[in-house]
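Each chain is listed here by its residues.
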Amino acid sequence: MKIGENATWMARDLNVVWHPCTQMKDHEGLPVIPIRRGQGIWLEDFEGNRYLDAISSWWVNLFGHANPRISNALKAQLDELEHVLLAGFSHAPAIELAEQLTRLAPPGLTRCFYADNGSSAVEVALKMSFHFWRNQGQVQKTRFVTLSNSYHGETLGALAVGDVELYKTTYKPLLMAAMVVASPDCYARAPDVSCAQHSALMFEQMAQTLAEHHREICAVIVEPLVQCAGGMRMYDPAYLTLLRDACNRYGVHLIADEIAVGFGRTGTLFACEQAQITPDFLCLSKGLTGGYLTLSAVLTTPTVYDAFYADYAAQRAFLHSHSYTGNPLACRAALASLAIFDSDDTLEKNKVLSAHLARALAPLQENPYVSEVRQIGMIAAIELVQTRVPRTPFPKQQRRGLQVYQFALQHGVLLRPLGDVIYFMPPYVITPKEIDFMVEIALRGIEHATNS
Ligand SMILES: *Cc1c(COP(=O)(O)O)cnc(C)c1O
């Protein structure tokens, strides 16, 4: 470890690597931080600087970096079986994980189809829904409904059912046209309206769309309770209950994309539990492997499964695959991660942590540049504005959130604001003291970014 080592790696990096979701020219001014190792909640660069990973490395990590229990499970698996195709073959980790997921998921989701990343899981759910209706002779069902400001991934099908303009606009000519219905996002509610009331009111438009178009609609896709990439916008479970009901009534599938919110982020293992609903498809990834390896799963019902089950000649099979479908190492990491939920009573412990986080964030409610502090479980967000009344955002080109990002990095915290939304989604191994540190740096970063 010596001074200058970060710069050396950074120079080599910028010579050959093209980074995701990045204008590479930004790195003429912004450093790329080469990470040498991770340990619990901390990341460490090549010069010994440490960064508290407040965003779980893009929402994937649950139990800290280099978690001994997950690492040891993987080391054992490595000596047994690294990979085998899942078509015609199987292995213990894939079977055990499917057993566990179908047991833990909302009741009725009895089948597990594997893929290898979040976007692919969304593609699987879309194709399965469309194909289900086709197998039922309902060939006029070809459309999908999504919520405004929703995010479901970057591959073309997933992008088509998302609605974050920044990622989507350029590619519009390539995308199928989804029906976009206004989001129940509570940030938009009137001052005297509760979140539950607002979300229920916003259901009107969805009800209308379904009433009018259900004959041509395969499925409605939603991110239950939190639109994460859309700025950690939150809504009430009442919306999901109404939506489940309407989908049943109109013969339309409900796809719950819990890729970001699954595995305890919202306080329950799955966000759907808070509305006591079972979707027709549940998409899981990100936290699934505790942040170790790339894996995703789509859980579905016997009704869906049975519509594909027939003699080969009937040509009803779901002929979709990815090379690394159900990779044994990834499945083993997922099993080890689920075992920690069990042995450590993680969801109970998180209640204490999330209450602590709420207390730490309370002073920000008074900040003149903060329009809202919102939280559900282990996800919290602070929305920065130029003025609170009327609510006016900062001009985008000022990139205030980026200033918070830079300040926080210099002070040992990895935040990665979504525009001007500063948020926290830390691994569950964070301590109350680390929460205080993380919030204090964010607070100072916000002061720094808003004082001119
Ligand atoms: C991240 C995310 C995806 C896409 O997952 P990838 O693994 O990045 O392809 C899909 N849906 C939601 C809600 C996500 O947050």
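The sections below set out a description of the structure shown in this document. (Residues numbered from 1 in each chain as written. Predicted model: local features only at pLDDT ≥ 70, side-chain atom pairs only at ≥ 80, totals over all residues. Heavy atoms only, no water.)

### Notes on the overall build of the protein
- Scanning the protein from N- to C-terminus turns up 14 helices and 16 strands.
- For 452 residues, the compact-globule estimate of 2.2 N^0.38 gives 22 Å, and the protein sits close to it at 22 Å.
- Here the protein, with 452 residues, has 53% of them falling under the buried criterion.
- For the protein, long-range pairs separated by at least 24 residues make up 70% of all intrachain contacts whose partners lie at least 6 apart in sequence.
- If you sum the accessible surface of the protein, you get close to 20,400 Å²; carbon and sulfur atoms cover 55% of it.
- Separation between the mean location of the 37 positive side-chain charges and that of the 44 negative ones in the protein comes to 2 Å. (Helix = DSSP H or I, 4+ residues; strand = E, 2+ residues; numbered from the N terminus. Rg over C-alpha atoms; globule rule 2.2 N^0.38 Å. Buried < 20%, exposed > 50% of the residue type's maximum accessible area, 1.4 Å probe, protein only. Contact = heavy atoms within 4.5 Å. Areas by Shrake-Rupley, 256 points an atom, 1.4 Å probe, with all protein chains shown as cover. Lys, Arg positive; Asp, Glu negative; His and termini not counted. Charge placed at Lys NZ, Arg CZ, Asp CG, Glu CD.)

### Brief notes about the site of the ligand
- All residues adjacent to the ligand are Trp59, Asn117, Gly118, Ser119, Tyr151, His152, Gly153, Glu223, Asp257, Ile259, Ala260 and Lys286.
- Here Gly118 contributes a backbone N or O atom positioned 2.8 Å from an oxygen atom of the ligand.
- At 2.6 Å, a side-chain N or O of Lys286 approaches an oxygen atom of the ligand.
- Calculation on the ligand without its partners gives an accessible area of 380 Å², and the protein chains cover 83% of this total. (Near = heavy atom within 4 Å. Polar contact = N/O pair within 3.5 Å; in protein donor to acceptor, adjacent residues only side chain to side chain.)

### A word on the packing of aromatic side chains
- A complete count under the given rule lists 15 aromatic pairs for this structure.
- Measuring from ring centre to ring centre gives 5.2 Å for Phe113 and Phe318, while their planes differ by 75°; the resulting arrangement is edge-to-face. Of the two residues, Phe113 is situated in strand β4 (residues 111–115) and Phe318 in the loop between α10 (302–308) and α11 (328–344); the sequence distance between them amounts to 205 residues.
- Ring centres 5.7 Å apart and planes at 80° place the aromatic pair Tyr235 and Tyr239 in the edge-to-face group.
- Look at Tyr235 and you get buried, because its relative accessible area is 4%.
- Following the ring pairs from residue to residue traces out a cluster consisting of Phe63, Phe341 and Tyr428.
- Against the face of Trp42 rests Arg50, its NZ or CZ located 4.3 Å from the ring centre. (Phe/Tyr/Trp six-rings, centres within 6.5 Å; stacked < 30°, edge-to-face > 60°. Lys NZ or Arg CZ within 6 Å of the ring centre and 35° of its normal.)

### Re the nonpolar core
- Ranked by size, the top nonpolar core spans 109 residues in total, and within it Met206, Met232, Leu243, Phe263, Phe424 and Met438 carry the most contacts.
- In terms of residue count, the dominant contributor to this core is α11 (10 residues).
- When residues are assigned to domains, this core turns out to be shared by domain 1 (5–66 + 346–450) and domain 2 (71–343), each giving three or more.
- The residues contacting Phe424, other than those within four sequence positions of it, are Ala54, Leu361, Met378, Ile379, Ala380, Ile382, Leu415, Met438, Val439 and Ala442.
- Judged by nonpolar contacts, the second largest core, of 25 residues, contains Ala121, Ile221, Ala307 and Phe308. (Core = buried A, V, L, I, M, F, W, Y, C linked by side-chain atoms within 4.5 Å. Domains from an automatic or database assignment.)

### Topic: the state of the cysteines
- One pass over the structure, following the stated rule, counts one disulfide.
- A disulfide bridge connects Cys186 with Cys195, and the sulfur atoms are separated by 2.0 Å. One quick way to see it: the torsion about the S-S bond of Cys186 and Cys195 is about 80°, and its sign makes the bridge right-handed.
- Summary of cysteine pairing: Cys247 is not part of a disulfide, and the nearest cysteine sulfur, belonging to Cys272, is at 11 Å.
- The class of Cys247 is buried, set by a relative accessible area of 1%. (Disulfide = S-S within 2.5 Å.)

### Observations regarding helix α3 (residues 68–80)
- Helix length check: α3 (13 residues) gives 19 Å between terminal C-alpha atoms against 18 Å at 1.5 Å per residue, within 8%.
- By the burial criterion, the buried members of α3 are Ile70, Ser71, Ala73, Leu74 and Gln77. On an axial view of α3, the arc spanned by its buried residues comes to 160°, and they lie on one face. Set apart from the buried face of α3 by more than 90 degrees, the exposed residues are Pro68, Lys75 and Asp79.
- Two or three places before Arg69, at the start of α3, stands the capping residue Asn67, its side-chain oxygen 2.9 Å from that residue's backbone nitrogen. (Expected span 1.5 Å × (residues − 1). Arc of directions from axis to C-beta.)

### Let's talk about the sheet that holds strand β1 (residues 35–39)
- With respect to topology, four strands assemble into an open sheet ordered β1-β2-β3-β15, the strand pairing being mixed. Each of the sheet's edge strands pairs with one partner strand only, and the pair in question is β1 and β15 (413–414).
- Where strand β2 (residues 42–45) and strand β3 (residues 50–53) come together, three bridges link them in antiparallel fashion. Along β3, the bridge assignment pairs Glu44 with Arg50. (Pairing = 2+ DSSP bridges.)

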